[in-house]
Amino acid sequence: MKIAIIGSGHVGLVTGACFADLGNDVICMDQDVHKIRRLMHGEIPFFEPGLEELIKKNTSNKRLRFTSDMAEAIHFSEIIFLCVGTPPKENGEADLSALEHVAQAIASCLTDYRLIVEKSTVPVETGFYLHKMIKQNLNKKIRFDVASNPEFLREGSAVHDFFNPDRIILGVESARAKKLLLEVYKPFQVPISITDICSAEITKHASNSFLAMKISFINLVSQVCSKVGADIEKVAEGMGSDHRIGRSFLKAGIGFGGSCFPKDIAAFIRISEKLNVSCSLLEEIFKINEFQKIDFINLVRSKLRKVKGKNIAALGLAFKPDTDDMRSAPAIDILTQLRAEGAKIKAYDPWAMPEAKKHIKGIKFSKTAYDACQDADVVLILTEWREFRDMDLKRLKRTVKLPLIIDGRNVYDPLEMKKSGFKYFSIGR
Ligand code: UGA
C-alpha cells in the first residue's frame, strides 16, 4: 500500500520504516527541512536500536523516502498516518496545534479520498475535531475518513514492539476505513480490536496511565519494604506471579520519566476534569513518582552525611536504558538538586550524554563508567544500562574513594555487593 507518515519523530520514523519493511511504499514527511535533509543522507536524529539498519535497507530498495513537502506526501499515499507531537501545555492539557496545522495543510492538498489516521497519542474526541477541521478547510467536497490507530511502542525497543504487538487497536467509523486498515495490518497474526474512534483514543491514554499506576504502586510498596527490611524484588515476584497482576511494570526504582507517561497522565487528568470525572487516583500516580526522587536524594544525603564538596559518580542519565532520551529523566531532578547542594558530579551514560548536557548544568561528563567513578565518595545508579550490570566490581572498588553504591534501579544483588566489599543501598530492599 502507499502510506504517508506526517511527522518524522520517534513514532513516525519507526512506523514508516517498519511499514516499508513489510513491503509498503512509504513516504515520511516532516516540516523540519534540516531533519529531512539529514534523513536523506542516512543520518538518524536519535538512537533507537535497529532503526538505522531498517531505514538504510528500505531507502536503498526504494520503499522508503523522505520529504518536507506535504502535498507530495498526500498525493502519493492512500493512507496518511499522523505522527506529529502533542506536547503538554502549562496546565497539562495536550497541545494540539501541530495537529491543527497538519489538518489544515491536508485539507488544502486533498484531491480525492484519503484515510487519515491518528497515531500520535491524543485526547479523546480529537478524531471528531480533526474530521471537523479538515472538512471546514476543504475547498470542494471530497470524501475522506478519519481513524484512530494508537501506537504502543516503547522507546529502546520500538522496532521490536512494532513487529511484535500484543494487540492492534483500530478506531474506525466507516467500512472503507476498516477495510484499508485491516489490509495494512494483514501481516500481523495478533488480536485486532475494532472499535469506535473515542474508544481507541481512550485505550491509549488508559493503557499508559495504568502502566504508570503499576510503577507508582510498586514504588509505594517499596517504601513499606524499606521501613521493615523486606525485599521489594521478592514482593514484586510474588505479586507478579499471579497472572491477573502480571510481572511487568512492577520494577521499583526512582520513578518513571520519558516523553509519554508524564505527558499522557497529565492530559488524561485534564480530560477527566473537563468531563467532571474524579481523577485523584491519577494525581496520586504523579505524587508517588515525585516522592521516589525526593526519597532517593534523602538517602544520598543520609549516607554522605554532608553533600557539599563530595564527589558523586552518576551512572546512567537517560530515562531508561537503550535510549538517549532525557525527557523527564529522574536523573535531571536528582543531579540538579545534589549539584545545588554543592556536590561535585561526574556522570556517564552510554548514549544520552549529548542530550543530558542540555538538561543538567554544572556537572562533568566522563568517557567511561570507570572514569566517572574515579575517586568517588558515592556511586549512584540512575539508569539500568546493561553495561553497569556487567561492571568489574574489583576494578570499580579500586577506582572509587569510598566503596559506597546507592542504586536507584536495583541493578545488583545486595549479597554479591556485600561480598565484594561495597556498602550497598537500593530501593525497597
Ligand atoms: C511507554 C509505553 O510503555 C508504550 O507502550 C507507549 O507506546 C509509549 O509510552 C508511548 O506512549 O509512546 P516508553 O515511555 O518508551 O513507553 O517507556 P517504558 O518502557 O514504558 O518506560 C517508561 C518509564 O517507566 C521509564 O522511565 C522506566 O524506567 C519506568 N519503569 C518502567 C519503571 O520505573 N518500572 C517498570 O517496571 C517499568
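About the thresholds
- Residues numbered from 1 in each chain as written.
- Predicted model: local features only at pLDDT ≥ 70, side-chain atom pairs only at ≥ 80, totals over all residues.
- Heavy atoms only, no water.
- Helix = DSSP H or I, 4+ residues; strand = E, 2+ residues; numbered from the N terminus.
- Rg over C-alpha atoms; globule rule 2.2 N^0.38 Å.
- Buried < 20%, exposed > 50% of the residue type's maximum accessible area, 1.4 Å probe, protein only.
- Contact = heavy atoms within 4.5 Å.
- Areas by Shrake-Rupley, 256 points an atom, 1.4 Å probe, with all protein chains shown as cover.
- Lys, Arg positive; Asp, Glu negative; His and termini not counted.
- Charge placed at Lys NZ, Arg CZ, Asp CG, Glu CD.
- Phe/Tyr/Trp six-rings, centres within 6.5 Å; stacked < 30°, edge-to-face > 60°.
- Pairing = 2+ DSSP bridges.
- Right-handed = clockwise from strand over helix to strand, strands pointing away.
- Patch = residues over 30% accessible without salt bridge, like charges linked within 9 Å, V, L, I, M, F, W, Y side chains within 5 Å.
- Salt bridge = Lys/Arg side-chain N within 4 Å of Asp/Glu carboxyl O.
- Near = heavy atom within 4 Å.
- Polar contact = N/O pair within 3.5 Å; in protein donor to acceptor, adjacent residues only side chain to side chain.
- Expected span 1.5 Å × (residues − 1).
- Axes fitted to C-alpha atoms, helices over the stretch in contact; angles between N-to-C directions.
- Parallel < 35°, antiparallel > 145°, perpendicular 65-115°, else oblique.
- Left-handed = near helix turned anticlockwise from the far one by under 90°.
- Nonpolar A, V, L, I, M, F, W, Y, C, P; charged D, E, K, R; others polar.

## Considerations on the overall build of the chain
The number of helices and strands found in the chain is 18 helices and 14 strands. Taken over C-alpha atoms, the radius of gyration comes to 23 Å for the chain, in line with the 22 Å a tight globule of 429 residues would show. With the C-alpha coordinates aligned to their principal axes, the bounding extent of the chain is approximately 75 × 50 × 40 Å. The buried share among the 429 residues of the chain stands at 54%. Contacts in the chain between residues at least 24 apart in sequence constitute 72% of all its contacts with a sequence separation of at least 6. Carbon and sulfur atoms form 53% of the exposed surface of the chain, whose accessible area is close to 19,800 Å². In the chain, 63 side chains carry a positive charge and 54 a negative one; their mean positions are 4 Å apart.

## Here's the deal with the packing of aromatic side chains
Applying the stated criterion to the full structure yields 11 aromatic pairs. With 5.8 Å between their ring centres and 65° between their planes, F19 and Y185 make a pair best called edge-to-face. In this pair, F19 sits in helix α1 (residues 10–21) while Y185 sits in the loop between α8 (175–184) and β8 (192–195), placing the two residues 166 residues apart along the sequence. Owing to a relative accessible area of 0%, F19 belongs among the buried residues under this scheme. Under the relative-accessibility criterion, Y185 is labelled buried at 4%. Joined through ring pairs, the aromatic side chains of F19, F81, F162, F163, Y185 and F188 make up one cluster.

## Here we look at the pairing of strand β1 (residues 2–6)
Within β1, four of the five residues are buried, leaving the element largely enclosed by the surrounding structure. As paired elements, β1 and strand β2 (residues 25–29) share five bridges and run parallel to each other. Paired with I5 across the two strands is C28, which belongs to β2. Following the backbone out of β1, through α1 and into the adjacent parallel β2, one traces a crossover that is right-handed.

## Some thoughts on a positive patch on the surface
There is a patch of like positive charges on the surface, built from K135, K141, R143, R176 and K179. Looking at the secondary structure, you find K141 in the loop between α6 (126–137) and β6 (144–148).

## Section: the site of the ligand
Contacts to the ligand come from 19 residues, most closely from E151, E155, K204, N208 and K320. Within the backbone of G257, one N or O atom sits 3.0 Å away from an oxygen atom of the ligand. Here an oxygen atom of the ligand sits 3.4 Å away from a polar atom, N or O, in the side chain of R409. Here the ligand loses 92% of its free accessible area of 710 Å² to cover by the protein chains. Secondary structure elements with two or more residues in the shell around the ligand: α9 (197–228) and α11 (261–274). Among the elements that take part in the shell around the ligand, α9 stands out by supplying three residues, more than any other.

## Side note on α11
Between its first and last C-alpha, α11 extends 20 Å over 14 residues, near the 20 Å set by a 1.5 Å rise per residue. Counting buried positions over the 14 residues of α11 gives 11, a clear majority of the element. Listed in full, the buried residues belonging to α11 are F261, P262, K263, D264, I265, A266, A267, F268, I269, I271 and S272. Where α11 is buried, its residues touch α9 and α12 (280–304). The positive-phi residue at the C-terminal boundary of α11 is N276, with phi of around 65°.

## Focus: the packing of α1 against helix α3 (residues 51–60)
At a closest axis distance of 9 Å, the pairing of α1 and α3 adopts a crossing angle of 50°. Taken as axis vectors, α1 and α3 run oblique relative to one another. Relative to α3, the crossing made by α1 is left-handed. Residues L13, V14, A17, C18, A20 and D21 of α1 form the contact with α3, whose own contacting residues are L51, L54, I55, K57 and N58. Partitioned by chemical class, the residues of the contact of α1 with α3 number eight nonpolar, one polar and two charged.

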